[in-house]
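This is what each chain is made of:
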2 protein chains.
Amino acid sequence: MSQRGDVEPVTEENPAEMASIPAESVPTLKVALLGCGVVGSSVATMLVENADDLAARVGARLELIGIAVRRPERARPDVPVDPALFTADADTLVRAADIVIEVIGGIDPARGLILTAMEHGASVVTANKALLAEDGPTLYSAAGEHGVDLYYEAAVAGAIPIVRPMRESLVGDDVQRVLGIVNGTTNFVLDKMDSTGAGFAETVEQAQALGYAEADPTADVEGFDAAAKAAILASLAFHTRVSSDDVHREGITEVTAADIQAARDMDAVVKLLAICELVRDDEGAPTGVSVRVHPAMIARTHPLASVRDAYNAVFVEASAAGELMFYGKGAGGDPTSSAILGDVVAVARHRLAGGHGPKESAYADLPVVDMGLATTRYHISLAVADRPGVLAQVASAFADHGVSIETVRQRMLTDDDESRASLVIVTHRATDSALAATVDALTGLDTVDAVVSWMRVEGA
Amino acid sequence: MSQRGDVEPVTEENPAEMASIPAESVPTLKVALLGCGVVGSSVATMLVENADDLAARVGARLELIGIAVRRPERARPDVPVDPALFTADADTLVRAADIVIEVIGGIDPARGLILTAMEHGASVVTANKALLAEDGPTLYSAAGEHGVDLYYEAAVAGAIPIVRPMRESLVGDDVQRVLGIVNGTTNFVLDKMDSTGAGFAETVEQAQALGYAEADPTADVEGFDAAAKAAILASLAFHTRVSSDDVHREGITEVTAADIQAARDMDAVVKLLAICELVRDDEGAPTGVSVRVHPAMIARTHPLASVRDAYNAVFVEASAAGELMFYGKGAGGDPTSSAILGDVVAVARHRLAGGHGPKESAYADLPVVDMGLATTRYHISLAVADRPGVLAQVASAFADHGVSIETVRQRMLTDDDESRASLVIVTHRATDSALAATVDALTGLDTVDAVVSWMRVEGA
């Protein structure tokens, strides 16, 4: 059993100096790895291949004492470690470690192993967005109780440093809004739909063929993955507990080639956004947080619009900092390992020199507001009769629900049907419920053939 | 005199919990502010106006005990503090503080005050890029000796979290290259030259009129400011001491409207880049670092090309993470204060709960290579005679110096001078000295009227 404090720092004041101390006198920290898939293999490889640099940066050698996998007997020639390190007994492994890296994913057995590890004095580095978004407070509470660290940079946006900037760099500022492209699969699909004009189904097939989408793409295209990340980002941004269940979630399965074209027509692109916003009352006092994942149009001039392929980016608006963006690879073995190893060095330095990283900060304890109260802009495309008075009738439907129109564009639908026209309307900010009621009212107008499509517009 | 340890943590395990403890039982940390210009005023305002949130996030109240200025008697109605807090006696002030925020800038008296503060047990947060780039190791050494923190997020790229990501998030990875737009004034000037076609001098005047350039713009346009930031970034990226003097520096004063047009012709923009690169031998082992600031062409498809106006961005390439970019406001009172307050919270948490931030990491101790050994691509524009054999002769001059040509574009110079032509050549990567020798050789060719311009090309 390993307890916090086992490691005797050679010099507490300056661990970096230990780089010049002969290897045999450098202390060792025991590292357990849970999981050896794409990410785990990369983590194990980096721990071995970069061992000397890591030792110099930490001030202690990181000794990989075991890798917990379901089938330890399976040959893993790509992982440059002693095969004897593989074990099916994760529970025993975590009790012997100073630092546990959890890349199994999912809720169980990951949660139990993390809690056991902390009970036995290990700091934990995890990439487990689902667990953090479902039950983060339990993990934080265990970390606090046992005086160990809980780090999870890799849980949001892969290689991109965003958790640490939110937890530490922006902690003296007030975050107003976070707009994130935090799921590479959906960004790849939407980007390809934009560049090729193809539909959703065939683009997903292409993404699967190229390895950008899973055989079962549900977690990505239905927005579950992005929703977990939104919950984590909102918790950090607003010092408030937000779980996956609090996140309004719409995926991209109903985004059509026509939607993408409609976005093009207004010089915009469609992105699946994870949105975290502070909601304020008329006096400007924070009254809640809005956390949602849905497809949205965003102007091509917005920095997020140029995020192509499977890249991720997180756009942050803060009171003092203004607009910030963090861009990079959101998935993949090596990019995720980069984030994990950064956390490993951080928690290892703490074990060596004392102290620990930031605890949970949830003091603001703001309510998560219902989606109906979230405010956003809308793009609505209508098929209407082309005769006098139609626009007035449509405009009244918006006005009746307190929704202010920003732009209207009318054009003939086809050359051979001169009595029908298309109306494209973009609104100012209004509540989601007012917009939904407006769409209902429009559907009931006899001059409106159909509400062809509607989509939220973000990033004004 | 305040000593590290004066503050008795109410609960060492969970400082965040103190948010719920009545105000009178929350501990207090004494904060001294050195300087009250644009940044200092904003820091003081945020400390006062956000006091409750800062207390909840730290677990202790941050008490502003004094602001050192040259003329304490001057009225400062915009700074919402008791005028009695202003003092000319910085030396006494820093001895009484737990945390010292230094925003005076420059080498002296900032250095002496920081060292005095550390001797007396205060942690230091500074935005002073010049001092860090000239004498960072002295500050780090004092911080280590006295067991206090040295934080400086605001010293590079203002509000953008980049120092912490380099020091902590990427510390398990290997940074290969950093390309930074880290000076807002020069980015504003070059961006305006690109969008208007105007020349350097008139654009600088415009920038001055709009407040984007100082009356004496030397530090910005000659690249001194960017060079200091390059030194700091290179030190962090490569775990090696790099000072301002090590940085090869060229400003933008000689960038012409013709250069900007030449960049446009190849679908590129001109940016002043702070470049930090790891240099490797033929086996891939690191042999040195190249650190330089100069104008360079960069393709419009590169993420840095879309950084407009006075915004900053830092593009990082790391072995495992791949390409990352950090974007935001690089200057201004509030953005800089955002970075400073984040650091203040970090060092305050350490004082409360124990531990400290990362120390200097310079173990790699790589030599800074001469500019002649830096490798880059080049764009060279020649005025030549338009007759057979000229291209062969020009191509030979490149080949003779081992410089490989990527593209050549030839066109008539004017309609009325059919015997003269323009040759635009872009090279593959070659050493700067080989390129300089090539340019010399080209100048000596009788078929070459003139080397009209040359500029480095980055971000391939």
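Reading the values: the criteria
- Residues numbered from 1 in each chain as written.
- Chains lettered and ligands numbered in written order.
- Predicted model: local features only at pLDDT ≥ 70, side-chain atom pairs only at ≥ 80, totals over all residues.
- Heavy atoms only, no water.
- UniProt positions renumbered as here; feature names shortened; annotations may be inferred.
- Pairing = 2+ DSSP bridges.
- Helix = DSSP H or I, 4+ residues; strand = E, 2+ residues; numbered from the N terminus.
- Buried < 20%, exposed > 50% of the residue type's maximum accessible area, 1.4 Å probe, protein only.
- Contact = heavy atoms within 4.5 Å.
- Domains from an automatic or database assignment.
- Buried area = accessible area lost by both parts, 1.4 Å probe.
- Salt bridge = Lys/Arg side-chain N within 4 Å of Asp/Glu carboxyl O.
- Polar contact = N/O pair within 3.5 Å; in protein donor to acceptor, adjacent residues only side chain to side chain.
- Least-squares fit on C-alpha atoms with pLDDT ≥ 70 in both.

Per an unreviewed UniProt entry, chain A goes by Homoserine dehydrogenase and derives from Knoellia subterranea KCTC 19937. Its UniProt record gives chain A the following Cofactor (unreviewed entry) comment, quoted word for word: "a metal cation". Recorded under Function (unreviewed entry), the UniProt text for chain A is reproduced unchanged: "Catalyzes the conversion of L-aspartate-beta-semialdehyde (L-Asa) to L-homoserine (L-Hse), the third step in the biosynthesis of threonine and methionine from aspartate."

**Q** Explanation requested: the pairing of strand β2 (residues 61-68) of chain B in the structure shown.
**A** Residues in a regular strand project their side chains so that they alternate between the two faces of the sheet. All names here are of chain B. Alignment of strand β1 (residues 28-34) against β2, held across 7 bridges, turns out to be parallel. Along β2, the bridge assignment pairs leucine 34 with alanine 68. Note: β2 against strand β3 (residues 86-87), 2 bridges, orientation parallel. The residue of β3 that forms the bridge with isoleucine 67 is phenylalanine 86.

**Q** Sorry, what's going on with the UniProt feature "active site" (unreviewed entry) in chain A here?
**A** Residue and element names in this part refer to chain A. In the numbering used here, UniProt assigns the feature "active site" (unreviewed entry) to Lys229. With respect to the helices and strands, the residue lysine 229 is situated in helix α10 (residues 224-238). Overall, the relative accessible area of 6% leaves lysine 229 in the buried class. Beyond its immediate stretch of four places on either side in the chain, lysine 229 contacts Lys129, Ala155, Val156, Ala157 and Val182.

**Q** How do you make sense of the domain arrangement of chain A when you look at a structure like this?
**A** The parts lose accessible area when they come together, and the size of an interface is often stated as this lost area. Residues and elements named next belong to chain A. The domain boundaries assigned to chain A delineate domain 1 (15-158 + 334-353), domain 2 (163-330) and domain 3 (371-458). Every contact between the two is made by 19 residues of domain 1 and, on the other side, 21 residues of domain 2. Each partner contributes to the roughly 1,500 Å² buried at the junction of domain 1 and domain 2, and carbon and sulfur atoms together form 60% of this total. Where domain 1 meets domain 2, there are 3 salt bridges.

**Q** Can you help me understand the sheet that holds strand β6 (residues 150-151) of chain A in this one?
**A** Spatial ordering of the open sheet is given by β3-β2-β1-β4-β5-β6 (chain A), a layout of 6 strands whose pairing is parallel. Each of the sheet's edge strands pairs with one partner strand only, and the pair in question is β3 (86-87) and β6 of chain A.

**Q** Looking at this model, I keep getting lost on the side chain of asparagine 128 of chain B. Mind explaining?
**A** All names here are of chain B. One can find asparagine 128 in the loop between β5 (123-126) and α5 (129-146). Here glutamate 102 takes part through its side chain, which lies 3.2 Å from a polar atom of the side chain of asparagine 128. Other than its neighbours up to four places away in sequence, asparagine 128 contacts Glu102, Gly105, Gly106, Ala110 and Ala155.

**Q** Got a minute to help me understand the interface of chain B and chain A in this structure?
**A** Counting residues at the interface gives 57 residues for chain B, matched by 57 residues for chain A. Across the chain B/chain A interface, buried area totals approximately 4,600 Å², and carbon plus sulfur atoms make up 53% of it. When the area that chain B buries against chain A is broken down by residue, the three leading residues are Arg57, Tyr327 and Tyr363 of chain B, summing to 14%. Linking chain B with chain A are 4 salt bridges, by the criterion used here. The interface formed by chain B and chain A holds 18 residue pairs in polar contact (both at pLDDT 80 or more) in total.

**Q** Sorry if this is basic, but what is going on with the relation of the copies chain B and chain A here?
**A** Put simply, the second copy of the chain is the first one after a rotation about an axis and a shift along it. The operation relating chain B to chain A is a screw motion whose rotation component is 180 degrees, with 0.0 Å of axial translation and a residual RMSD of 0.1 Å. Here the two chains are linked by the operation of a two-fold rotation axis. Looking at the rotation axis and the C-alpha trace of chain B, the residue lying nearest is glycine 355 of chain B, at 1.7 Å.

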